[in-house]
Amino acid sequence: MEPTIRVDGLSKRFRIYHQRSETLKEVLVDRRRSRFEEFWAVNDISLEINEGETFGIIGANGSGKSTLLKCVAGILVPDRGKVSVKGRMASLLEVGAGFHPDYSGRENIYLNGAILGLPRRYINSVIDEIVGFAELEQFIDNPVRNYSSGMYTRLGFSIAIHMDPDVLLIDEVLAVGDEAFQRRCMDHIESMRREGRTLLFVSHAADTVRKLCDRCLWIEHGSQRLAGDTDTVVDGYIGEVNRRELEALQASASELGGSEPGWMGVRLGSVEFAGSDGEVNSVTTGGELTVRIAYESPSAIRGARFRVSFYPAGQAVLLSVQTDDGDLGDRLLPAAGTVTLSVPSAPFLDGVYGTKVEIEDIASGRSYVEIDRPQSFRVQGAGRHEVGMALVGHHWEVPSLDPTSVNV
Ligand SMILES: Nc1ncnc2c1ncn2[C@@H]1O[C@H](COP(=O)(O)OP(=O)(O)OP(=O)(O)O)[C@@H](O)[C@H]1O
Ligand SMILES: [Mg+2]
């Protein structure tokens, strides 16, 4: 059977213009030198998507996902290769694309219907549902130029799904909607899948892609990097993102020289995070984490407390631990040394964690020195299915029915 979407050796080229300030002489002399370069935003991509399949496209910013989708939608003409699509196609490609800013939401619904070749009486029969799904009852007669980006997206998505499409193309945009709207979109997309419609889906949300897509394509610099089973492709992509991030973290770790001297000249030297296999800045959920904190002081220090705080990317502190005051209250510490914090089972889920390291005087509570985010470390979830930031020990009890006791 013919696939619903077939993309064959598709390539799309764009020009990058150089903005050079030139003198008249340069312009005259250099006349023939081109003022732009060409590059392939999509390079030799082939795909076959069958009826009823949900297909995902993933890749870094600028890798060519939207360009590919626009070629499939017929908005861009490919420079090489072919695209064929069977059936009625609706698309949601960019926030506000396909809307006339001066028309009201209602007028835009009719306009979109007309573009897709749907009779006016069909639109009449679904317009209340479109407006209702978008929850735009109050605003539907206002010009869409006054809509927020979330409102644009709601209207665009609602129109697209109510146009009875056989094929639906969605480019990321859903991320603009609020949580409640996104959930309703996901539910709706699920029901469209069940009805056997074909979906082509670009998203940066790995979880969404895993949940929705039967198969996936990962593109990198316009070319196919990996295609096939969703989990394999998403794992490959995430693995690569993690590897790059870790390399960057490790490169910056080697440049760290500790803090400036603080109160009483106490300073922090290197702060090192290591996972169970000793790998720097890379920790596995539930695995060992060791933090080594080197400090220096002009003389011995009496009664100092050490504290390490962990911050998930961009968030408030998740966990802060400190040395035991009773134990250290009167202890004399050597002028230079290393304090080691061992966490036998790191409670952190997949992500990047920043840290803050502090040394303070127990008696007065005064801070000797602190460094905020001396460096970050990467936690690999290693295929765990918990969601969130912290892992807690847990177990489930699930009832089980003895099959022999069931009357079928
Ligand atoms: N009309 C255009 N003219 C020139 N260059 C363009 C045009 N549209 C896209 N590009 C370039 O093509 C490349 C691919 O862009 P594209 O929008 O397809 O990326 P993307 O994978 O969708 O990225 P993102 O994840 O940020 O949405 C980028 O380098 C972009 O700058
Ligand atoms: Mg894009």
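Each chain carries its own residue numbering, running from 1 in the direction its sequence is written. Naming scheme: in the order in which they are written, chains are lettered from A and ligands are numbered from 1. Two thresholds apply to this predicted model, a pLDDT of at least 70 for residue-level local features and 80 or more for giving and counting side-chain atom pairs, whereas whole-chain, interface and lining totals are computed over all residues.

Draft legend 1. Region of interest: the overall build of the protein chain. To qualify as a helix, a DSSP run of H or I must reach at least 4 residues; to qualify as a strand, a run of E must reach at least 2; elements of each kind are numbered from the N terminus. Per the secondary structure count, the protein chain includes 9 helices and 20 strands. All radius of gyration figures rest on C-alpha atoms, and the globule criterion is 2.2 Å times the number of residues raised to 0.38. A compact globule built from 408 residues would reach a C-alpha radius of gyration of about 22 Å, whereas the protein chain, at 29 Å, exceeds it by more than 25%. Across its three principal directions, the C-alpha atoms of the protein chain cover 95 × 85 × 45 Å. Counting contacts in the protein chain only where the partners sit at least 6 residues apart, residues at least 24 apart contribute 72% of the total. The contact criterion used here is simple: two residues whose C-beta atoms, placed from the backbone, lie within 7 Å are in contact.

Draft legend 2. Representation of the site of ligand 1 in the model. Close contacts around ligand 1 come from F14, A41, G59, N61, G62, S63, G64, K65, S66 and T67, and that covers them all. At 3 residues, the largest contribution of residues to the shell around ligand 1 is made by helix 2 (residues 65-73). Amino acid classes used here: Ala, Val, Leu, Ile, Met, Phe, Trp, Tyr, Cys and Pro are nonpolar; Asp, Glu, Lys and Arg are charged; the rest, including Gly, are polar. When grouped by side-chain class, the residues that make up the shell around ligand 1 number 2 nonpolar, 7 polar and 1 charged. Any residue qualifies as near a molecule or strand once its backbone-derived C-beta atom lies within 6 Å of it.

Draft legend 3. Spatial organisation of the nonpolar core. One nonpolar core equals one set of buried Ala, Val, Leu, Ile, Met, Phe, Trp, Tyr and Cys residues connected by C-beta atoms within 7 Å. Burial is judged by counting other C-beta atoms within 10 Å of a residue's own C-beta: 20 or more means buried, 12 or fewer means exposed, and anything between counts as partly exposed, with every C-beta placed from the backbone. Counting residues in hydrophobic clusters, the biggest one holds 64 residues, and the most contacted among them are V72, L169, L200 and C216. For this core, the leading source of residues is helix 5 (residues 149-162), giving 7 residues. Once you skip the residues sitting within four places of it in the chain, V72 turns out to touch I5, V7, V83, V85, L169 and L200. Core analysis: the second largest hydrophobic core is formed by 24 residues, V283, V308, F310 and V379 among them.

Draft legend 4. Region of the structure containing the sheet that holds strand 1 (residues 5-17). The criterion for strand pairing is that DSSP finds at least two bridges linking the strands in question. Ordered by their spatial adjacency, 3 strands build an open sheet running 2-1-4, and the pairing between neighbours is antiparallel. The sheet terminates laterally at strand 2 (36-49) and strand 4 (80-85), the two strands that pair on one side only. The mean inter-strand angle of the sheet, taken between neighbouring strand axes irrespective of direction, is 30 degrees. With 5 bridges joining them, strand 1 and strand 4 adopt antiparallel strand pairing. Opposite R6, over in strand 4, you have S84 as the bridge partner. Here, axes are lines fitted to C-alpha atoms. For helices the fit covers the stretch in contact, and angles between N-to-C directions go from 0 to 180 degrees. In the packing of helix 2 onto the sheet, contacts are made with strand 1, strand 2 and strand 4, and the angle to strand 1 comes to roughly 120 degrees.

Draft legend 5. Up close: the domain arrangement of the protein chain. An automatic or database domain assignment supplies the residue ranges for each domain. Segmenting the protein chain into domains produces domain 1 (5-226) and domain 2 (256-380). Distance between the C-alpha centres of domain 1 and domain 2: 47 Å.

Draft legend 6. Geometry of the sheet that holds strand 9 (residues 223-229). Read from one edge to the other, the open sheet built from 6 strands follows the order 5-6-7-3-8-9, with strand pairing classed as mixed. Unpaired on one side and paired on the other, strand 5 (89-92) and strand 9 mark the two borders of the sheet. Across the sheet, the mean angle separating the axes of adjacent strands is 15 degrees when strand polarity is ignored. Alignment of strand 3 (residues 54-58) against strand 8 (residues 215-220), held across 4 bridges, turns out to be parallel. Across the sheet, residue I58 finds its bridge partner in strand 8, namely W218. Sheet contacts for helix 5: strand 5 and strand 6 (167-171); angle to strand 5, the most-contacted strand, approximately 165 degrees.

Draft legend 7. Structural view of helix 5. Compared with the 20 Å implied by 1.5 Å per residue over 14 residues, the 20 Å span of helix 5 between its first and last C-alpha is a close match. In terms of burial, helix 5 is a largely internal element, 12 of the 14 residues being buried. Along helix 5, the residues classified as buried are M151, Y152, T153, R154, L155, G156, F157, S158, I159, A160, I161 and H162. In this structure, the buried residues of helix 5 make contact with strand 5, helix 3 (105-115), helix 4 (120-134), strand 6 and helix 6 (179-194). Positive backbone phi, approximately 55 degrees, marks D164, located one or two places after helix 5. The span expected for a helix works out to 1.5 Å for each residue beyond the first.

Draft legend 8. View of the packing of helix 3 against helix 4. Axis separation between helix 3 and helix 4 bottoms out at 10 Å; the angle between their running directions is 135 degrees. Put simply, helix 3 runs oblique to helix 4. Every pair of crossing elements has a handedness; the one defined by helix 3 and helix 4 is right-handed. Between helix 3 and helix 4, the residues in contact are I109, Y110 and G113 and R120, Y122, I123, I127 and I130, respectively. Taken together, the residues of the contact of helix 3 with helix 4 sort by class into 6 nonpolar, 1 polar and 1 charged. Convention used here: angles under 35 degrees read as roughly parallel, angles over 145 as roughly antiparallel, angles from 65 to 115 as roughly perpendicular, and any remaining angle as oblique. By convention the crossing between two helices is left-handed if the near helix lies anticlockwise of the far one by an angle smaller than a right angle, and right-handed if it lies clockwise.

Draft legend 9. Highlighting the packing of helix 4 against helix 5. One can describe the packing of helix 4 onto helix 5 by two numbers: an axis separation of 8 Å at closest approach and a directional angle of 140 degrees. Of the possible angle classes, the one that applies to helix 4 and helix 5 is oblique. Helix 5 is crossed by helix 4, and the crossing has right-handed handedness. From helix 4, V126, E129, I130, F133 and A134 reach across to helix 5, where they touch R154, L155, S158, I159 and H162. The residue makeup of the contact of helix 4 with helix 5, split by class, is 6 nonpolar, 2 polar and 2 charged.

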